[in-house]
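An overview of the molecular structure
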Amino acid sequence: MSVLVYTELADGQFKKSSLEAIFYGSKVAAQVGGSMTVLAIGSASDDELSKAGYFGATKVLHANAQNLASENIMAYSKVLSETAKSVSAKVVISAKSSLADAVMARAVGALKAGLVGNVVELPDTSNGFKVKRSIFTGKAFAETSITSDVKFIAIKKNVLPLEETSNSATVEKLSVDTGSLTESSKVLETIKATGTVSLPEADLVVSGGRGMKGPEHWQPLLDLAEALGAATACSKPVSDLDWRPHHEHVGQTGVKVAPNLYIACGISGAIQHLAGVNSSKVIVVINKDPEAPFFKAADYGIVGDVFDVLPKLTAAVKAL
Amino acid sequence: MKILVCISSVPDTTSKISFEENDTKFSKAGIQYIIGPYDDYALARGVELRESLGGTLTVLNVGLADAEPQIRKALAIGADDAVRIDAEPTDSFFVASEIANYAKDKGFDLILMGRETTDYNSGVVHGIVGELLGLPSFSPVMELKLEGNTATLAREIEGGKEKLEASLPLVLGCQEPIAEWKIPNMRGIMSARTKPLAVLAPSSAALTNIDKYELPAPKGACKMISADDAGALIKLLQTEAKVL
């Protein structure tokens, strides 16, 4: 049973979530007694791509045509579905991301496959093919059977702790004719925050709510994030008020994060906000209102003024 | 302009989730259903475009009869007619096939829906529909403008957005701030009662099946740290929680 892992590159490197998908894929391949192929689309050195071997890959197929330079959903999905056919993949795996969702979706359509997203464990292949996934935005789980011949799964962040070896993978160039597909749309402009930690990928997140009192008061939060090497996030009211950019909004209708540590500063913890953060391993809540509902979902809490507490935390991090 | 907006009917985001029949079935008792929050954004933008450009807006739901109040609400907000494919929407490929089977040969210029539904969250129906119909698909789309046959849209990417241009017809998975949610007015609610709602039988089969549901383990107590000694938290995160 051949396994194909669809990966994403950022700045010429595998995204951490993609390394997790490779590691997960290697476990699935071992479980079903099959081989695993890794597909990488975009620009990266062979040296970097061979690092897929650290996490269990033996072979990486690299598609890097000029017309694949920007994230093109139609062309990427064509490369994915063609590759899945050529390696006779029975299981196709990716880490969940907004681009991967869009790309996997079209490949699912092309291959008439069943897909299960937000998978949180290795599959149970003892009788059929069953996976456990998170549903209702983290409020419950469902054990789901996939009955199609080709099975697609998108895994959540932090599903398995990564184990690293010193093996390296071989890298092969892959060419797929995507000519006409890249003409269906034209990128006009890409606006991207630079030099910051990517929020969906982040292991540590510091997030602010209305209790931060205004965009001009964000510096103490940014200082803590910088000291920790954490990504910054915010609640929906904060992004609605334009205090912070929309891509920082975590919650039911924003980014869903699953970091090791989520520090909430001046966020009351409405259920819609919790939906975006309930997969975090450890939650810290700082709020001056001891009745804030967020404390019920937290592992550690501090009742106090964020502007008093944040500098103390930053100083303690710097002293580590 | 011929627009199709696909909506899901999902539990209100504040719902307490529970299961019945030995955890094999979602318990609908006491659940308030709403139009999927992301679908509601798609609907709002669809209604704006329909109002400014003319044409028709059809709303489609794959769901059982209990979704009809949400479909009527979409009609009250501004859809012209509605279609319900009479089936439980539990599988992404199945839902997408039903949408594609309905939409093919109908010449829709735009097929809009939310980036994902808030019940099963896979976020792939738009892309599957696009592939099955041979149309370009984009998601998550946070801005959409039309000029003639050309759409200018912004897609959210990690850490920012990408603006792009594409020709109609298109399939789009939408999210805020593409438009503000609309609340139906009294005239809309009255006229919605007589707008056509067709019920069609499904024509495809699901490729996944939920065997069992499970609730997460209850969260332990929150450990409180004094604000005066806030720095102690960092030590605990390092030595006790081991996340630093």
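Residues numbered from 1 in each chain as written. Chains lettered and ligands numbered in written order. Predicted model: local features only at pLDDT ≥ 70, side-chain atom pairs only at ≥ 80, totals over all residues. Heavy atoms only, no water.

**Observations concerning the sheet that holds strand E13 (residues 204-208) of chain A**
What holds strands together in a sheet is hydrogen bonding between their backbones, with the strands either parallel or antiparallel. What the 6 strands build is an open sheet, ordered E14(A)-E13(A)-E15(A)-E16(A)-E17(A)-E15(B); its pairing is parallel. Bordering the open sheet on either side are strand E14 (231-234) of chain A together with strand E15 (223-225) of chain B, each of which pairs with just one other strand. If you compare each strand with its neighbour and ignore which way they point, the axes differ by 20 degrees on average. As paired strands, strand E16 (residues 282-287) of chain A and strand E17 (residues 300-303) of chain A are joined by 4 bridges and run parallel to one another. (Pairing = 2+ DSSP bridges. Helix = DSSP H or I, 4+ residues; strand = E, 2+ residues; numbered from the N terminus. Axes fitted to C-alpha atoms, helices over the stretch in contact; angles between N-to-C directions.)

**Considerations on the state of the cysteines**
Evaluated as defined, the whole model comprises 0 disulfides over all chains. The cysteine Cys265 of chain A is free of any disulfide, with Cys234 of chain A supplying the nearest cysteine sulfur at 12 Å. Note on Cys265 of chain A: relative accessible area 0%, which makes it buried. Cys6 of chain B forms no disulfide, and the closest cysteine sulfur to it belongs to Cys174 of chain B, at a distance of 10 Å. (Disulfide = S-S within 2.5 Å. Buried < 20%, exposed > 50% of the residue type's maximum accessible area, 1.4 Å probe, protein only.)

**Overview of the sheet that holds strand E9 (residues 137-147) of chain B**
One open sheet holds the 10 strands; their spatial order is E12(A)-E11(B)-E10(B)-E9(B)-E12(B)-E8(B)-E1(B)-E6(B)-E7(B)-E13(B), and the pairing between them is mixed. If you trace the sheet from one side to the other, it starts and ends with strand E12 (185-192) of chain A together with strand E13 (197-200) of chain B, each paired once. Looking at each pair of strands side by side, their axes are set apart by 25 degrees on average, direction ignored. Bridge count between strand E7 (residues 81-86) of chain B and E13 of chain B: 4 bridges; the pairing is parallel. Each residue of the ladder has a partner; that of Ala82 of chain B, found in E13 of chain B, is Leu197 of chain B. Docked against the sheet, helix H3 (residues 73-86) of chain A engages E9 and strand E10 (150-157) of chain B, running at close to 150 degrees with respect to E9 of chain B. (Contact = heavy atoms within 4.5 Å.)

**Concerning unusual backbone geometry**
Note the cis peptide between Leu168 of chain B and Pro169 of chain B, where omega equals 0 degrees. Mapped onto the secondary structure, Pro169 of chain B falls in the loop between strand E11 (160-167) and strand E12 (170-174). A cis amide bond links Glu176 of chain B with the next residue in sequence, Pro177 of chain B, at an omega value of 0 degrees. By secondary structure assignment, the location of Pro177 of chain B is in the loop between E12 and helix H5 (186-192). Phi at Lys213 of chain A takes a positive value of approximately 70 degrees, unusual for a residue other than glycine. Among the secondary structure elements, Lys213 of chain A is positioned in the loop between E13 and helix H5 (219-228).

**Some words on H3 of chain A**
Residue and element names in this part refer to chain A. For H3, which comprises 14 residues, the first-to-last C-alpha distance of 20 Å matches the rise-based estimate of 20 Å (1.5 Å per residue) to within 8%. Within H3, 10 of the 14 residues are buried, leaving the element largely enclosed by the surrounding structure. Three or more residues of H3 are buried, namely Ile73, Met74, Ala75, Tyr76, Ser77, Val79, Leu80, Ser81, Thr83 and Ala84. Between a side-chain oxygen at the N-terminus of H3 and the backbone nitrogen of Met74 the separation is 3.1 Å; the capping residue is Asn72. (Expected span 1.5 Å × (residues − 1). Polar contact = N/O pair within 3.5 Å; in protein donor to acceptor, adjacent residues only side chain to side chain.)

**Re the UniProt feature "binding site: FAD" (unreviewed entry) in chain A**
Residue and element names in this part refer to chain A. When the UniProt feature table is mapped onto this chain, "binding site: FAD" (unreviewed entry) is found at Arg210, Gly266, Ile267, Ser268, Gly269, Ala270, Ile271, Gln272, His273 and Asn287. Topologically, Ile267 is positioned in the loop between strand E15 (261-265) and helix H7 (271-277). Classification of Ile267 as buried rests on a relative accessible area of 4%. For Ile267, the contacting residues outside a window of four places in its chain are Ser207, Gly208, Gly209, Ser235, Tyr262, His273, Asn287 and Phe294. Relative to the helices and strands, Gly269 resides in the loop between E15 and H7. Under the relative-accessibility criterion, Gly269 is labelled buried at 3%. Excluding its chain neighbours within four sequence positions, the residues that come into contact with Gly269 are Leu274, Pro293 and Phe294. (UniProt positions renumbered as here; feature names shortened; annotations may be inferred.)

**Focus: the interface of chain B and chain A**
Each side of the interface is counted separately: chain B has 83 residues, and chain A has 88 residues. A buried area of about 7,000 Å², summed over both sides, lies between chain B and chain A, and 58% of it is on carbon and sulfur atoms. The interface formed by chain B and chain A includes 8 salt bridges. Residue Lys219 of chain B is joined to Asp299 of chain A by a salt bridge in which the shortest nitrogen-to-oxygen separation is 3.2 Å. At the surface where chain B touches chain A, the tally comes to 44 residue pairs in polar contact (both at pLDDT 80 or more). Counting residues per element, the ones that place at least two in the side of chain B that touches chain A are helix H1 (37-53), helix H4 (125-133), E9, E10, E11, strand E14 (208-214), E15 and helix H6 (231-239) of chain B. Here the side of chain B that touches chain A is composed, by residue class, of 40 nonpolar, 23 polar and 20 charged. Here E17 of chain A pairs with E15 of chain B via 3 bridges, running parallel. (Buried area = accessible area lost by both parts, 1.4 Å probe. Salt bridge = Lys/Arg side-chain N within 4 Å of Asp/Glu carboxyl O. Nonpolar A, V, L, I, M, F, W, Y, C, P; charged D, E, K, R; others polar.)

**Quick notes on the pattern of salt bridges**
A full pass over the atoms with the stated rule returns 34 salt bridges over all chains. Salt-bridge contacts for Asp66 of chain B lead to Lys28 of chain B; the nearest nitrogen and oxygen are separated by 3.1 Å. In this pair, Asp66 of chain B sits in the loop between strand E6 (56-63) and helix H2 (68-77) while Lys28 of chain B sits in the loop between strand E4 (25-26) and strand E5 (33-35), placing the two residues 38 residues apart along the sequence. Overall, the relative accessible area of 34% leaves Lys28 of chain B in the partly exposed class. In this structure, Arg50 of chain B engages Asp80 of chain B in a salt bridge whose closest nitrogen and oxygen atoms are separated by 2.7 Å. With Arg50 of chain B in helix H1 and Asp80 of chain B in the loop between H2 and E7, this pair connects stretches of sequence that are 30 residues apart. Look at Arg50 of chain B and you get partly exposed, because its relative accessible area is 21%. Here the salt bridges share partners, and the residues they tie into one network are Lys16, Glu20, Lys157 and Asp203 of chain A.

**Describing the packing of aromatic side chains**
The description of two aromatic rings rests on the distance between their centres and on the angle between their planes. In the structure shown here, the tally under the stated rule is 8 aromatic pairs over all chains. Seen from their ring centres, Trp218 of chain A and Trp243 of chain A are 6.2 Å apart, and the 75 degrees between their planes marks the pair as edge-to-face. Of this pair, Trp218 of chain A sits in the loop between E13 and H5 while Trp243 of chain A sits in the loop between helix H6 (236-240) and E15, and the two are 25 residues apart along the sequence. When sorted by exposure, Trp218 of chain A lands in the same class as Trp243 of chain A, which is buried. Seen in terms of ring centroids, Tyr41 of chain B and Trp181 of chain B are 4.8 Å apart; in terms of plane orientation they differ by 25 degrees. Their pairing is stacked. Of the two residues, Tyr41 of chain B is situated in helix H1 and Trp181 of chain B in the loop between E12 and H5; the sequence distance between them amounts to 140 residues. (Phe/Tyr/Trp six-rings, centres within 6.5 Å; stacked < 30°, edge-to-face > 60°.)

**Quick word on the UniProt feature "domain: Electron transfer flavoprotein alpha/beta-subunit N-terminal" (unreviewed entry) in chain B**
According to UniProt, the "domain: Electron transfer flavoprotein alpha/beta-subunit N-terminal" (unreviewed entry) feature falls on residues 23-209 of chain B. Within the segment residues 23-209 of chain B, helix and strand shares are 29% and 33% respectively, and the terminal C-alpha atoms sit 14 Å apart.

**Remarks on empty space enclosed by the protein**
The final tally for this structure, using the stated rule, is 4 cavities of 30 Å³ or more. Lining the largest cavity are 34 residues, with Lys96, Ser97, Pro200, Val255 and Lys256 of chain A sitting closest to its centre. Going through the elements one at a time, helix H1 (16-32), helix H4 (98-111) and H7 of chain A together with E10 of chain B are the ones with two or more residues in the lining of the largest cavity. Partitioning the lining of the largest cavity into residue classes produces 9 nonpolar, 14 polar and 11 charged. Taken as a whole, the second largest cavity spans an internal volume of roughly 60 Å³. (1 Å grid on protein atoms, 1.4 Å probe; cavity = no way out; pocket = protein on both sides within 12 Å on 5 of 7 lines; lining within 4 Å. Points joined across faces, edges and corners; volume = space filled by probe spheres on them.)

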